[in-house]
Amino acid sequence: MTGVDPGRLDDQQLMKELEAIHRTRHDTLLHGSNDALRAHNERMAELEGEYLRRHPRRPVAGGRTRAGAREREAAGPA
C-alpha cells in the first residue's frame, strides 16, 4: 500500500486525499506508466472504500441511478 492507511485518516484528511486522487486521475490514465496506473487504481479503491464504509447511507441523487438515466433518455435532448 502507498500512503497512510485510509482508516487512520480523519474525515477531513480523507476528503482531501479523495479530492487529490480524483484531480490527478485523468492525467495518470493518459500519461502514467502501467505501474503508476495500477498504484493509482489501488489507492483510489482504498480511499473510496473507506469513504463508503464511513458513509453507507450517503445521499444518492435520483439522476445518478438507472431509473434516473432512463428518465433522461425518455425525455430526449435538453
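This is a predicted model, so every value here is computed, not measured.

1. Focus: the packing of helix α1 (residues 11-31) against helix α2 (residues 34-54)
Then step 1. For the pair α1 and α2, interaxial distance at closest approach is 10 Å and the crossing angle is 145 degrees. At the point where α1 passes α2, the crossing takes the left-handed sense. In this structure, α1 uses Asp 11, Leu 14, Met 15, Glu 17, Leu 18, Ile 21, His 22, Thr 24, Arg 25, Thr 28 and Leu 29 to contact α2, whose residues at the interface are Ala 36, Leu 37, His 40, Asn 41, Arg 43, Met 44, Leu 47, Glu 48, Glu 50, Tyr 51 and Arg 54.
Then step 2. Among the residues forming the contact of α1 with α2, the class breakdown is 10 nonpolar, five polar and seven charged.

2. Side note on the nonpolar core
Then step 1. Counting six residues, the largest nonpolar core is built from Leu 9, Leu 14, Leu 18, Ile 21, Met 44 and Leu 47.
Then step 2. Here the element with the most residues in this core is α1; it accounts for three residues.
Then step 3. Excluding residues that lie within four positions of it along the chain, Leu 14 makes contacts with Leu 9, Leu 47, Glu 50, Tyr 51 and Arg 54.

3. Some points on helix α3 (residues 66-75)
Then step 1. Counting buried positions along α3 gives one out of 10 residues, so the element sits mostly on the surface.
Then step 2. Just downstream of α3, Gly 76 is the residue with a positive phi angle, here 85 degrees.

4. Quick word on the environment of Thr 2
Then step 1. Summarising the element assignment, Thr 2 is placed in the segment before α1.
Then step 2. Among the residues examined, Thr 2 registers a relative accessible area of 59% and is labelled exposed.
Then step 3. Along the sequence, Thr 2 and Glu 42 sit 40 residues apart, while their C-alpha atoms lie 8.8 Å from each other.
Then step 4. Beyond its immediate stretch of four places on either side in the chain, Thr 2 contacts Arg 43 and Glu 46.

5. As for the side chain of His 40
Then step 1. Structurally, His 40 can be placed in helix α2.
Then step 2. You can call His 40 buried: its relative accessible area is 9%.
Then step 3. A polar side-chain atom of His 40 sits 3.0 Å from a polar atom in the side chain of Thr 24.
Then step 4. In this structure, His 40 is in contact with Ile 21, Thr 24, Arg 25 and Thr 28, ignoring residues within four places of it in sequence.

Calculation notes
- Numbers given to residues run from 1 along each chain, matching the order in which its sequence is written.
- For this predicted model, a pLDDT threshold of at least 70 governs which residues receive local features, and a threshold of 80 or more governs which side-chain atom pairs are given and counted, while totals over whole chains, interfaces and linings are taken from all residues.
- Side-chain numbers here rest on the full set of heavy atoms in the structure, without hydrogens or water.
- To get an axis, fit a line to the C-alpha atoms, keeping to the stretch in contact for a helix; angles then go from 0 to 180 degrees between the N-to-C directions.
- Strands are runs of DSSP state E lasting at least 2 residues, helices are runs of H or I lasting at least 4, and numbering of each runs from the N terminus.
- Take the far helix as your reference; a near helix turned counterclockwise from it by less than a right angle gives a left-handed crossing, and one turned clockwise gives a right-handed crossing.
- When checking whether two residues touch, look at their non-hydrogen atoms; a contact exists if any pair is within 4.5 Å.
- Residues are grouped as follows: nonpolar covers Ala, Val, Leu, Ile, Met, Phe, Trp, Tyr, Cys and Pro; charged covers Asp, Glu, Lys and Arg; every other residue, Gly included, is treated as polar.
- What we call a nonpolar core is a set of buried Ala, Val, Leu, Ile, Met, Phe, Trp, Tyr and Cys residues that are connected through their side-chain atoms within 4.5 Å.
- Using a 1.4 Å probe on the protein chains alone, a residue whose accessible area is under 20% of its type maximum counts as buried, one over 50% counts as exposed, and one in between counts as partly exposed.
- We call two N or O atoms a polar contact when they sit within 3.5 Å, provided that within protein one can donate a hydrogen and the other can accept it, with sequence-adjacent residues counted only if both atoms are side-chain atoms.

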